[in-house]
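Each chain, letter by letter, is given below.
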Amino acid sequence: MMEEIVTASWLNDRLQEEADQFVLIDARYDLADSEAGKRVYEKGHLPGAVFLNLGKELAAPAKEHGGRHPMPEREQLEKVFGGAGISADKKVVIYDDQGGMMASRVWWMLKHLGHRDAAILDGGFTAWKEAGYEVTTDISEPAARPFQAEQNSEDWPIVDVDYVKAALENEDVLLIDSREPKRYRGEEEPIDPVAGHIPGALNYFWKEVLADDGTWKKEDELKAHFAGLPSEKEIVVYCGSGISACPNVLALKKAGFRNVKLYAGSWSDWISYQDNPVAKGES
């Protein structure tokens, strides 16, 4: 089994010896431009990497409820991941160029569906390119493989709005808001129509799991980062639409927390229900 986060040098060495055992996923994506990732992929990517569009292939159409990037049905994900060449015996490494935010979402989806051997490329495409490793414009066309999902994997669960509402009255559950502090406090909201946060949620901006050079912090640093959280409690993580929450889910797991769940609809789902309470400031 791979570590959850692998370096460019580690990956390059493995690809020299056993490239046929790996599937590389290019997950670069721009929340403001759904086609930006495909354009940069076409300009250069890791050899053999397959591009997956986080806002289209890996998200269901947005509706009244469910958030801006709803989780697709199991059958769609099986088709997309299988079409990318992923099967149970393949090692999957996902990369982006946004600090791991997009890659973490794809990584989490694979984990949620039961795939055992997936990892994120530390530092993403930039780290690979700066190390001088091969970059290509050749478009990979992998052979489709059977991808058998294990829906609602017990180790990587999803919760919905009703679960979160009930959690507001449960002292054994903590809510973590992964958005930047200004959005959490409700001082600005550049994406969603309502500013603020779910009452009682604690703010742990997802970028704080990264070191100054943009690589992931080590396990002891992550343990220090989350030291104020009681390890015995259940933790539900959310963000704007279930994407930037995923780096925090991974970081919490690496810090030793076991009972961690993702509110996939997140803030954009929460505010789609007019009766749901909204808090502002540090409360």
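Here the structure is a predicted model, which is why all the values come from computation and not from measurement. (Residues numbered from 1 in each chain as written. Predicted model: local features only at pLDDT ≥ 70, side-chain atom pairs only at ≥ 80, totals over all residues. Heavy atoms only, no water.)

### A few points about the sheet that holds strand E9 (residues 234–238)
Item 1. As summarised here, the arrangement of the five strands in space is E6-E10-E9-E7-E8, forming an open sheet in which the pairing is parallel. Each edge of the sheet is formed by a strand with only one pairing partner; in this case those strands are strand E6 (158–159) and strand E8 (202–203).
Item 2. The pairing of strand E7 (residues 173–177) with E9 spans five bridges and is classified as parallel. Counterpart to Leu174 in the pairing with E9 is Ile235. (Pairing = 2+ DSSP bridges. Helix = DSSP H or I, 4+ residues; strand = E, 2+ residues; numbered from the N terminus.)

### Here we look at helix H4 (residues 101–112)
Item 1. Compared with the 16 Å implied by 1.5 Å per residue over twelve residues, the 16 Å span of H4 between its first and last C-alpha is a close match.
Item 2. Among the twelve residues in H4, twelve count as buried, and that is most of the element.
Item 3. Taken residue by residue, H4 has Met101, Met102, Ala103, Ser104, Arg105, Val106, Trp107, Trp108, Met109, Leu110, Lys111 and His112 as its buried positions.
Item 4. Following H4 by one or two positions, Gly114 has its phi on the positive side, about 95°. (Expected span 1.5 Å × (residues − 1). Buried < 20%, exposed > 50% of the residue type's maximum accessible area, 1.4 Å probe, protein only.)

### A short note on unusual backbone geometry
Item 1. For Ser266, which is not glycine, the phi dihedral falls at a positive 60°.
Item 2. By secondary structure assignment, the location of Ser266 is in helix H10 (residues 266–270).
Item 3. Its relative accessible area of 0% is what places Ser266 among the buried residues.

### What about the environment of Thr136?
Item 1. With respect to the element layout, Thr136 can be found in the loop between helix H5 (124–130) and E6.
Item 2. Of the residues examined, Thr136 reaches a relative accessible area of 12% and is grouped as buried.
Item 3. As for Thr136 and Pro146, which are separated by ten residues in sequence, their C-alpha atoms are 27 Å apart.
Item 4. Those residues in contact with Thr136 that lie beyond four places of it in its chain are Gly44, His45, Leu46 and Pro47. (Contact = heavy atoms within 4.5 Å.)

### Describing the packing of H4 against helix H9 (residues 245–254)
Item 1. Two elements in contact, H4 and H9, have axes separated by 7 Å at closest approach and are oriented at 70°. Considered as vectors, H4 and H9 are oriented roughly perpendicular to each other. Remark: the crossing between H4 and H9 carries left-handed chirality. Mapping the contact onto sequence places Met101, Ser104, Arg105, Trp107 and Trp108 in H4 and Cys246, Pro247, Val249 and Leu250 in H9.
Item 2. Among the residues making up the contact of H4 with H9, the classes are represented as seven nonpolar, one polar and one charged. (Axes fitted to C-alpha atoms, helices over the stretch in contact; angles between N-to-C directions. Parallel < 35°, antiparallel > 145°, perpendicular 65-115°, else oblique. Left-handed = near helix turned anticlockwise from the far one by under 90°. Nonpolar A, V, L, I, M, F, W, Y, C, P; charged D, E, K, R; others polar.)

### Section: the sheet that holds strand E2 (residues 22–26)
Item 1. Here we have five strands laid out as an open sheet, ordered E1-E5-E4-E2-E3, and parallel in their pairing. Edge strands, defined here as strands with exactly one partner in the open sheet, are strand E1 (5–6) and strand E3 (50–51).
Item 2. Two elements, strand E4 (residues 91–95) and strand E5 (residues 118–121), share three bridges in a ladder whose sense is parallel. Counted as the bridge partner of Val93 is Ala119 from E5.

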